[in-house]
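# Summary of structural features
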Amino acid sequence: MPKLTFIDADGTTRTIEAQTGLTVMENAVQHDIPGILATCGGSCSCATCHVYLTQEWFEKLGALSLEELDMLDTAHDLEPTSRLSCQITMTADLDGLVVRMPEGQH
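Below is a short write-up of the structure. (Residues numbered from 1 in each chain as written. Predicted model: local features only at pLDDT ≥ 70, side-chain atom pairs only at ≥ 80, totals over all residues. Heavy atoms only, no water.)

The sheet contact formed by strand β1 (residues 3-7) and strand β2 (residues 13-17) spans 5 bridges and is antiparallel. Among the inter-strand pairings, Thr5 is bridged to a residue of β2, identified as Thr15. Between β1 and β2, which pair antiparallel in sequence order, lie 5 residues; one of them, Gly11, sits at a positive phi of approximately 95 degrees. (Pairing = 2+ DSSP bridges. Helix = DSSP H or I, 4+ residues; strand = E, 2+ residues; numbered from the N terminus.)

When you line up the elements, Leu78 lands in the loop between α3 (66-72) and β4 (82-84). Remark: the alpha-carbon pair of Leu78 and Glu103, spanning 25 residues in sequence, is separated by 11 Å. The contacts of Leu78, once residues within four sequence positions are left out, are His50, Tyr52 and Leu72. (Contact = heavy atoms within 4.5 Å.)

Attention now goes to the pattern of salt bridges. The tally for this structure, following the rule as stated, stands at 4 salt bridges. Here Lys3 makes a salt bridge to Glu17, at a shortest N to O gap of 3.0 Å. Of the two residues, Lys3 is situated in strand β1 and Glu17 in strand β2; the sequence distance between them amounts to 14 residues. Across the salt bridge formed by Arg83 and Glu68, the nearest N and O atoms sit 2.8 Å from each other. Remark: Glu68 occurs in helix α3 and Arg83 occurs in strand β4; sequence separation between them is 15 residues. Glu68 shares its class with Arg83; the two are buried. (Salt bridge = Lys/Arg side-chain N within 4 Å of Asp/Glu carboxyl O. Buried < 20%, exposed > 50% of the residue type's maximum accessible area, 1.4 Å probe, protein only.)

If you want it as structure tokens, here you go:
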């Protein structure tokens, strides 16, 4: 199982073994990760699963859908590498993925 690390706004780090085929958001919810609210349950209709990626991971994941871009416009504290964790499906290739949560999302 690929490792997936979450970093809270306060710097607390939690690493889990992520289930492939589930999104980063679904893995976070299953492991009670604070900072991933997932209000819409993963339907890309809110931005409460907003995360930041490193530039390397951001580029590796490829282009964002128009739907995700629209939802990110509603998120607070956007950074150039912002993504919605409900739109990132875990695969073996994402082993070691690290995501940071924004300050206002907890």
